[in-house]
Amino acid sequence: MATHELKPNDFDESCIFCLVAHNRDEETTVIKQDKELVCFKDIFPAAPHHYLVVPRKHIVSCKSLNRRSISLVERMANLGKEVLRDQGITDMKDVRLGFHQPPFISVDHLHLHVLAPASQISSCMEYKFTPGTDRFIISP
């Protein structure tokens, strides 16, 4: 369990990503984390490296974000890139970072998809990760 105190709306007991973010899911291996964010492998990878970065605080989706959230999104992207570098990915031009937006999300907890190499995204999954579509919003 996290050492910081949670406010009532910060944690949803029924949310699998909240469980992962607070070390309450025994099946998911956290790759990297800090006091605010957690990164782990996507269970349905669309590329050789496909990770999810989630905030520990329960935020429903990218539709819940506003201008004050810019630094959170930047920190999420930075953690994702750190994980890629840790995994030996050096070509940051062949990386895709982004969010699905409702109704195209499977878990109602904000999560940044981190995929590399983007050139190797599975052809049957490419439609889910195409930048500039309503389905996938890219991160800075």
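Bear in mind that the values here come from a model prediction, so they are computed numbers and not experimental data.

Asker: What is the right way to read unusual backbone geometry from this model?
Answerer: Peptide bonds are trans in most cases, and residues, glycine excluded, mostly fall at negative phi. Following Pro102, the chain continues to Pro103 via a peptide bond in cis, the omega torsion being 10°. Tracing the chain through its elements places Pro103 in the loop between β4 (96-100) and β5 (112-116). Even without being glycine, Asn23 reaches a positive phi, approximately 55°. You can see Asn23 is positioned in the loop between α1 (16-21) and β1 (30-33).

Asker: Help me out: how do you make sense of the sheet that holds strand β2 (residues 37-41) in this one?
Answerer: Across a sheet, paired strands are connected by hydrogen bonds in the backbone, their directions being either parallel or antiparallel. A sheet is described by the order of its strands in space; here six strands give the open sequence β1-β2-β3-β5-β4-β6, paired in antiparallel fashion. If you trace the sheet from one side to the other, it starts and ends with β1 and β6 (136-138), each paired once. Ignoring which end each strand starts from, the neighbouring axes of this sheet average 30° apart. Where strand β3 (residues 49-55) and β5 come together, five bridges link them in antiparallel fashion. By the bridge assignment, Val53 is partnered in β5 with Leu112. Sheet strands in contact with helix α2 (residues 70-86) are β1, β2, β3, β4 and β5, and its direction is about 145° off that of β3.

How each quantity is defined
- Note that residues are indexed from 1 along each chain, following the sequence as it is written.
- At least 70 in pLDDT is required for a residue's local features to be given in this predicted model, at least 80 for side-chain atom pairs to be given and counted, and no such filter applies to totals for whole chains, interfaces and linings, which use all residues.
- Computation of side-chain values covers all heavy atoms of the structure but excludes hydrogens and water.
- Helix numbering and strand numbering both begin at the N terminus, where a helix is a DSSP run of H or I of at least 4 residues and a strand a DSSP run of E of at least 2.
- Any two strands with at least two DSSP-identified bridges between them are counted as paired.
- Axis lines are fitted through C-alpha atoms, for helices just across the contact stretch, and the angle between N-to-C directions can take any value from 0 to 180 degrees.
- Should any heavy atoms of two residues lie within 4.5 Å, those residues are considered in contact.

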